[in-house]
Amino acid sequence: MKELCSLTLSEAREKLVNREIGAEELTQAHLERIAAVDPKLNSYVLVTPERALSDARESEKRLAAGGAAVRPLEGCPIALKDIFVTKGIRSTAASKILHNFIPPYEGTPSKKLAEAGSVLLGKLNMDEFAMGSSNENSAFGPCRNPWDTERTPGGSSGGSAAAVAAGLCLASLGTDTGGSIRQPASLCGVVGLRPTYGRVSRYGVIAFASSLDQVGPFARTVTDAAHVLKAIAGHDERDSTSVDAPVPDYPALLHGELKGRRIGVPKEYFVEGLDPEVEGSVRRCIAAMEKEGAEIVEISLPHTEYAIACYYIIAPSEASSNLARYDGVRYGLREYGEGGLEQMYVASRSQGFGAEVKRRIMLGTYCLSAGYYDAYYLKAQKVRTLIAQDFRRAFEKVDVIATPTTPTTAFKIGEKTDDPLQMYLSDIYTVPTNLGMICGISLPCGADSKGLPIGLQFLGRPFGEAELLDIAYGYEQTLGFRGKPVI
Ligand code: GLN
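This write-up is about the structure you can find in this document. (Residues numbered from 1 in each chain as written. Predicted model: local features only at pLDDT ≥ 70, side-chain atom pairs only at ≥ 80, totals over all residues. Heavy atoms only, no water.)

**Side note on the overall build of the protein chain**
Alright, step 1. Broken down by element type, the protein chain carries 16 helices and 11 strands.
Alright, step 2. Expected size for 487 residues packed as a compact globule is a radius of gyration near 23 Å; at 21 Å, the protein chain falls within 12% of this value.
Alright, step 3. Counting only C-alpha atoms and orienting by the principal axes, one finds that the protein chain spans roughly 65 × 55 × 45 Å.
Alright, step 4. Within the protein chain, the fraction of its 487 residues that count as buried is 61%.
Alright, step 5. As displayed, the protein chain has an accessible area near 18,100 Å², and 52% of this comes from carbon and sulfur atoms. (Helix = DSSP H or I, 4+ residues; strand = E, 2+ residues; numbered from the N terminus. Rg over C-alpha atoms; globule rule 2.2 N^0.38 Å. Buried < 20%, exposed > 50% of the residue type's maximum accessible area, 1.4 Å probe, protein only. Areas by Shrake-Rupley, 256 points an atom, 1.4 Å probe, with all protein chains shown as cover.)

In structure tokens form, the structure reads like this:
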């Protein structure tokens, strides 16, 4: 069972197509491994065995028919962050306020994955409404890091990263508003890709901060991430922010040539607060790429120091507006309180939301209130433009930018919960990407002295996912870190 679950998605697909393994057998192996291992991790908030086995049987039929009947992700077991709305399957965003929400419709990313022939194993743990960096803000309790179960897997898509790392699915989907794909990918030693804003439809993705949210894959290799991106990317008339541009054949464009590539290294990303072991590992990787023929260019992204402050105005402001819909009337938890309608709103929201979500709603409401809007939200929008401009200038000189993904490796559960600012600082290298509307990927590049994985981040031009993946692939093929957690 373990052997089947440690295949990469591409390997599994090949064995399925060649009929060396069966789709039901592969799905069953994953369900058994989830039952055996996940009690230690809590990466799933819901396992859907009936749906998984029925998907697998449908795949089996198409695999038996062969040829054109076989779809791109045929028979591959995947799972979804619980922020994706799935028809008839409870979708909670890890919040008590949605504890009983069974959506009447299917969102686009999950629909596209299903249409690509994948098998849905279940829904994954996360920080409530994707607010957090450690998965500790979940109504289902924390998810644990498969490399060390005393530590967090990162967040907010902690379950999506942990499940892929532990062999509990071949790939998964997460969302990244300020780093929630790349940060947990880094802390769990897997590949996590945040596409450009507009690349993937967000129809049926529970909204956090609408000008920043984007959907992307977690996988064990760059090639696997490319396959999943190809399946989910593209215009969707149901999401007016999805861009009507052709979707490149990402896997076919992976060549892995590092020679002649111009790789920018921003000096603002190697400053105080960066763990020396992480810095050492990332610098060694950059030097190794230079040996492979890449051209390393020192660059400057001068407004980086304002990114966290800017993000923590824009994201909570948009969240306070998006989360106004959870009123106890339309769906989700309802508590009556003492009295009339207003008390019902107050009681439902007070009991339904967790502490971090309430903090963000208060911050955001304040920043948007009359008299403060110009001083906070509008000002932050201007700073955001400067951050985007930094990237635009940098990409005139380089093809991609290389940085650490996170300032430290996985931290202990409970270590940062009393200090929200410390927690916010763990996103320092990921947040600017989202503000700048570019794309980014994290991939494992080494381990620290405790044996915990270190992530290397590449940032690419808007809609430059093909080039970004290709350079990441080049790195992975020649120099990549191949450790796996023992769990
Ligand atoms: N950790 C960041 C936050 O708490 C980013 C979250 C995300 O990308 N969803 O907002």
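**Regarding the site of the ligand**
Alright, step 1. Residues in contact with the ligand amount to 15 residues; listed here are only the nearest, Thr177, Gly178, Ser180, Tyr311 and Arg360.
Alright, step 2. Between Ser180 and the ligand, the recorded distance is 2.6 Å, taken from a side-chain N or O atom to an oxygen atom.
Alright, step 3. Within the side chain of Asp427, an N or O atom sits 2.8 Å from a nitrogen atom of the ligand.
Alright, step 4. Across the complex, the protein chains shield 100% of the 290 Å² of accessible surface that the ligand would expose by itself.
Alright, step 5. Assessed atom by atom at 2 Å from the grid points, the ligand resides in the largest cavity.
Alright, step 6. Among the residues making up the shell around the ligand, the classes are represented as five nonpolar, seven polar and three charged. (Near = heavy atom within 4 Å. Polar contact = N/O pair within 3.5 Å; in protein donor to acceptor, adjacent residues only side chain to side chain. 1 Å grid on protein atoms, 1.4 Å probe; cavity = no way out; pocket = protein on both sides within 12 Å on 5 of 7 lines; lining within 4 Å. Sits in = over half its atoms within 2 Å of the grid points. Nonpolar A, V, L, I, M, F, W, Y, C, P; charged D, E, K, R; others polar.)

**A short note on the layout of surface pockets**
Alright, step 1. Size it by volume and the largest pocket reaches roughly 370 Å³.
Alright, step 2. Every residue lining the largest pocket is counted, 21 residues in all, and those nearest its centre are Arg220, Thr221, Glu476, Phe481 and Arg482.
Alright, step 3. Looking at the lining of the largest pocket, the elements with two or more residues in it are strand S10 (439–447) and helix H16 (465–479).
Alright, step 4. Partitioning the lining of the largest pocket into residue classes produces nine nonpolar, eight polar and four charged.
Alright, step 5. Reported here for the second largest pocket is a volume of approximately 260 Å³.
Alright, step 6. In this structure, the second largest pocket is lined by 15 residues; those nearest its centre are Tyr105, Val205, Ile206, Ala207 and Arg325. (Points joined across faces, edges and corners; volume = space filled by probe spheres on them.)

**Observations regarding empty space enclosed by the protein**
Alright, step 1. For the structure shown, the criterion picks out four cavities of 30 Å³ or more.
Alright, step 2. Surrounding the largest cavity, 15 residues form its lining, Ala130, Gly132, Ser180, Tyr311 and Asp427 being those nearest its centre.
Alright, step 3. Residue composition of the lining of the largest cavity, by class: five nonpolar, eight polar and two charged.
Alright, step 4. In this structure, the second largest cavity is lined by Arg51, Asp55, Ile78, Leu80, Glu106, Ser110, Leu113, Ala114, Ser118 and Leu120.
Alright, step 5. Going through the elements one at a time, helix H4 (49–65), strand S2 (77–81) and helix H5 (108–115) are the ones with two or more residues in the lining of the second largest cavity.
Alright, step 6. With three residues, the single largest contributor to the lining of the second largest cavity is H5.

**Some details on the sheet that holds S2**
Backbone hydrogen bonds are what pair the strands of a sheet, in a parallel or an antiparallel way.
Alright, step 1. Spatially, 11 strands are ordered S1-S3-S2-S4-S6-S5-S10-S11-S9-S7-S8 in an open sheet, and the strand pairing comes out mixed. Each end of this open sheet is capped by a strand with a single partner; those strands are strand S1 (44–47) and strand S8 (295–299). Between one strand axis and the next, the sheet turns by 25° as a mean value, whatever way the strands run.
Alright, step 2. Where strand S5 (residues 191–194) and strand S6 (residues 215–219) come together, two bridges link them in antiparallel fashion. (Pairing = 2+ DSSP bridges. Axes fitted to C-alpha atoms, helices over the stretch in contact; angles between N-to-C directions.)

**Details of the pairing of S5**
Alright, step 1. Where burial is concerned, the two faces of S5 agree: the one with Val191 and Leu193 and the one with Gly192 and Arg194 are both buried.
Alright, step 2. One ladder, built from three bridges, connects S5 with S10; its direction is antiparallel. Across the sheet, the residue bridging to Gly192 is Ser442, located in S10.

**Things to note about the packing of helix H8 (residues 222–232) against H16**
Alright, step 1. Viewed as axis vectors pointing N to C, H8 and H16 meet at an angle of 160°, and their least axial separation amounts to 9 Å. It follows that H8 is roughly antiparallel to H16 by the angle criterion. Read as a crossing pair, H8 and H16 show a hand that is left-handed. For the pair H8 and H16, contact is made by Val222, Thr223, Ala226 and Leu229 and by Glu465, Leu469, Ala472, Tyr473 and Glu476, respectively.
Alright, step 2. When grouped by side-chain class, the residues that make up the contact of H8 with H16 number six nonpolar, one polar and two charged. (Parallel < 35°, antiparallel > 145°, perpendicular 65-115°, else oblique. Left-handed = near helix turned anticlockwise from the far one by under 90°. Contact = heavy atoms within 4.5 Å.)

**As for the packing of aromatic side chains**
Alright, step 1. Tallying each qualifying case throughout the model produces 14 aromatic pairs.
Alright, step 2. Taking the centre distance of 6.0 Å and the plane angle of 35° together, the rings of Tyr372 and Tyr376 count as tilted.
Alright, step 3. Linked through ring pairs, Phe101, Phe129, Tyr326, Tyr331 and Phe353 together constitute an aromatic cluster.
Alright, step 4. Across the ring face of Phe270, the terminal group of Arg283 is positioned such that the distance to the ring centre comes to 4.2 Å. (Phe/Tyr/Trp six-rings, centres within 6.5 Å; stacked < 30°, edge-to-face > 60°. Lys NZ or Arg CZ within 6 Å of the ring centre and 35° of its normal.)

**Focus on the environment of Val247**
Alright, step 1. The topology assignment puts Val247 in the loop between H8 and strand S7 (262–266).
Alright, step 2. Taking the C-alpha atoms as reference, Val247 lies 9.7 Å from Ile232; in sequence the two are 15 residues apart.
Alright, step 3. Contacts of Val247, omitting those with residues within four sequence positions, involve Arg199, Lys230, Ala233 and Gly234.

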